[in-house]
Amino acid sequence: FVINVVLLLAGIMFLVLSSTPDVMKWVTRIMGALFLIPSVLFIVLGFARKIEASRSTISLGLMPSAGGLFFGVMMLRSPETFIPILTLLLGIFLCVLALYHLLQMFMVNKTVKLPVWYFAFPVIILICGILVLVVDSLKTQNTVVLMTGIAFVLFNITSLFLHLTDRKIKSLNKAAAPVDV
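Draft legend 1. Summary view of the environment of Leu126. Following the sequence through the fold, Leu126 ends up in helix H5 (residues 120-134). The exposure class assigned to Leu126 is partly exposed, which follows from its relative accessible area of 22%. In this structure the C-alpha to C-alpha distance between Leu126 and Ile92, which are 34 residues apart in sequence, comes to 9.4 Å. Residues contacting Leu126, with those up to four places away along its chain left out, are Cys95 and Ala98.

Draft legend 2. Up close: the nonpolar core. Judged by nonpolar contacts, the single largest core of 22 residues is most densely connected at Met24, Leu94, Ile125 and Phe152. No other element matches the seven residues that helix H6 (residues 141-176) contributes to this core. Apart from the residues lying within four places of it in its own chain, the contact partners of Met24 are Ile83, Leu86, Thr87, Leu90, Gln141 and Val145. The next biggest cluster of nonpolar side chains, apart from the first, holds nine residues, and it includes Leu102, Leu114, Phe119 and Phe161.

Draft legend 3. View of helix H1 (residues 2-17). Over its 16 residues, H1 extends 22 Å from the first C-alpha to the last, a length consistent with the 22 Å expected when each residue adds 1.5 Å. Of all the positions in H1, only Leu7, Ala10, Gly11 and Phe14 are classed as buried. The arc that holds every buried residue of H1, seen down its axis, measures 105°, which confines them to one face. More than 90 degrees from the buried face of H1, the exposed residues found are Val2, Leu9 and Val16.

Draft legend 4. Inspection of the environment of Ile169 at higher detail. Turning to its location among the elements, Ile169 is positioned in helix H6. In this structure the C-alpha to C-alpha distance between Ile169 and Thr111, which are 58 residues apart in sequence, comes to 8.0 Å. In this structure Ile169 touches Val108, Thr111 and Val112, once residues within four positions along its chain are discounted.

Draft legend 5. How the structure looks around a nonpolar patch on the surface. Judged by side-chain polarity, Ile85, Leu88, Leu89, Ile92, Val96, Val123, Ile127, Ile130, Leu131, Leu133 and Val134 come together as a nonpolar surface patch covering roughly 930 Å² of accessible area. Of all elements in the fold, only helix H4 (79-111) and H5 reach the threshold of two or more residues within the nonpolar patch. A per-element tally of the nonpolar patch places H5 first, with six residues. Its location among the elements puts Ile92 in helix H4.

Quick notes on the rules
- Residues numbered from 1 in each chain as written.
- Predicted model: local features only at pLDDT ≥ 70, side-chain atom pairs only at ≥ 80, totals over all residues.
- Heavy atoms only, no water.
- Helix = DSSP H or I, 4+ residues; strand = E, 2+ residues; numbered from the N terminus.
- Buried < 20%, exposed > 50% of the residue type's maximum accessible area, 1.4 Å probe, protein only.
- Contact = heavy atoms within 4.5 Å.
- Core = buried A, V, L, I, M, F, W, Y, C linked by side-chain atoms within 4.5 Å.
- Expected span 1.5 Å × (residues − 1).
- Arc of directions from axis to C-beta.
- Patch = residues over 30% accessible without salt bridge, like charges linked within 9 Å, V, L, I, M, F, W, Y side chains within 5 Å.
- Areas by Shrake-Rupley, 256 points an atom, 1.4 Å probe, with all protein chains shown as cover.
- Salt bridge = Lys/Arg side-chain N within 4 Å of Asp/Glu carboxyl O.

Here it is, written out as structure tokens:
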């Protein structure tokens, strides 16, 4: 549920901002801030507790936090460097989301025959993911963001379809279950 809400909000944000110049720079900066804020908090809280490195598991988190701090600062300072990497990750993420729903649908399709159009949105998401992977992200930033926003919204619509189908299957199973007398 949480991932659906996050992806829906991200999708709407991407759709709204898709015509903004240098939109991927802003997306990269937001991602940098998402690295930076928890890293700084963890480091500050770690030193506030005066951690003894040899006896605390919290000290194990200081190294990844330092890495998160470094990447956060770098993403904020020079977002252009990270745009191709972020675009690659978005494309891979979209493909994974599409394949996840397709596999889910094939499993559900064994129990209940799904309409063919149910498969349309995951296929569109997969196509968006592949296109995001093959386009030049520095020249087509707005298109990448638009396709990602559309794909995130379609993912949520597909999740809703699957949720409703799952509820229908459960109600059919309840009705077919033997009744104890």
